[in-house]
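This is what each chain is made of:
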Amino acid sequence: MAKSQWTVDSTHSSIDFSVKHMMIAKVKGTFHAFEANISADAHDLTSADIQLTIDLDSVDTRNKDRDAHLRNNDFFDIEQFPKLVFTATAITKTDDGEYSVVGDVSLHGVTRSEKFVVSFEGAGKDPWGNDKVGFSATGSLKRSDYGLTYNAALETGGVLIGDEVKISIDIEAIHQG
């Protein structure tokens, strides 16, 4: 199959994250606003062109005060850096429907190479005849690599906020031609 354009169906897609809190539990959150430019053969991603953009203002951890803190200059500083952008640079098939996707993550004025594990979840037609595909991805990044170093020491040792942010992405995309 040749490469074709795909658009994210945001009502059936999600970008979620988790980070350790007080070294004993996890805080989870999601981003509600994102888009992707995908040019791919959905059954063989090795030659795909993928760019994902996340609107950081859409962060939601189910706590308005924490979300406001994440938006300010202690963390994302969305006035200066409103977006996170991922651009795939190398895609390797690792198994049937499984890929290693390496790309540049631009966040908070820093661009670094990161790796994600991507799985092809399937393809089909929706009730209106649209061709759709599904993918899931997992990976992690270190906050400190992007200058996101806000933290507090705990009396019992350790820190309030973990450095590793685990990311989970589920994408349903619609064929555009």
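Residues numbered from 1 in each chain as written. Predicted model: local features only at pLDDT ≥ 70, side-chain atom pairs only at ≥ 80, totals over all residues. Heavy atoms only, no water.

Two side chains bearing opposite charge may form a pair once their charged atoms approach each other closely. Overall, the coordinates contain seven salt bridges when judged by the stated rule. Put simply, Arg-112 and Asp-145 hold a salt bridge, and the shortest N to O gap is 3.4 Å. A residue pair is termed long-range when its members are at least 10 positions apart, and Arg-112 in strand 9 (residues 110–125) and Asp-145 in the loop between strand 10 (131–142) and strand 11 (161–175) qualify at 33 residues. On the basis of relative accessible area, Arg-112 is assigned to the partly exposed category, the value being 35%. Residue Asp-145 is classed as partly exposed on the basis of its relative accessible area, which comes to 27%. Asp-126 serves as the salt-bridge partner of Lys-132, at 3.9 Å between the closest nitrogen and oxygen. Here Lys-132 matches Asp-126 in class, with each residue buried. Sharing partners across several salt bridges, the network here consists of Asp-9, Asp-126, Lys-132 and Glu-172. (Salt bridge = Lys/Arg side-chain N within 4 Å of Asp/Glu carboxyl O. Helix = DSSP H or I, 4+ residues; strand = E, 2+ residues; numbered from the N terminus. Buried < 20%, exposed > 50% of the residue type's maximum accessible area, 1.4 Å probe, protein only.)

Inspection of the secondary structure assignment puts Ser-13 in the loop between strand 1 (4–8) and strand 2 (14–21). Within the structure, Ser-13 has its side chain in polar contact with the backbone oxygen of Asp-9 (distance 2.8 Å). There is a polar contact of 2.9 Å between the side chain of Ser-13 and the backbone nitrogen of Glu-172. When sequence neighbours within four positions are dropped, the list of residues in contact with Ser-13 reads Val-8, Phe-34, Asp-170, Ile-171 and Glu-172. (Polar contact = N/O pair within 3.5 Å; in protein donor to acceptor, adjacent residues only side chain to side chain. Contact = heavy atoms within 4.5 Å.)

Here Asp-77, not a glycine, exhibits a phi torsion of approximately 55 degrees, which is positive. Mapped onto the elements, Asp-77 comes out in the loop between helix 1 (64–71) and strand 7 (83–95).

Turning our eyes to something else, we now look at the packing of aromatic side chains. For the structure on display, the rule yields four aromatic pairs. Consider the rings of Phe-31 and Phe-76, whose centres lie 6.2 Å apart with planes at 50 degrees: the pair is tilted. Within this pair, whereas Phe-31 is found in strand 3 (residues 25–31), its partner Phe-76 is found in the loop between helix 1 and strand 7, the two being separated by 45 residues in sequence. An identical accessibility class is assigned to Phe-31 and Phe-76; each is buried. (Phe/Tyr/Trp six-rings, centres within 6.5 Å; stacked < 30°, edge-to-face > 60°.)

Attention now moves to the pairing of strand 11. For strand 1 and strand 11, the ladder comprises three bridges, and the chain directions are antiparallel. Note on strand 11: the bridge partner recorded for Val-8 is Ala-173. Here strand 2 runs beside strand 11; their pairing, made up of seven bridges, is antiparallel. Along strand 11, the bridge assignment pairs Asp-16 with Ser-168. With eleven bridges joining them, strand 10 and strand 11 adopt antiparallel strand pairing. Paired with Lys-132 across the bridge in strand 11 is Ile-174. (Pairing = 2+ DSSP bridges.)

Take Ser-58: it is sitting in the loop between strand 5 (44–55) and strand 6 (59–60). Note on Ser-58: relative accessible area 11%, which makes it buried. Side-chain polar atoms of Ser-58 contact the backbone oxygen of Asp-55, separated by 2.7 Å. Residue contacts for Ser-58: discarding those within four places in its chain leaves Thr-30, Phe-31, His-32 and Ala-33.

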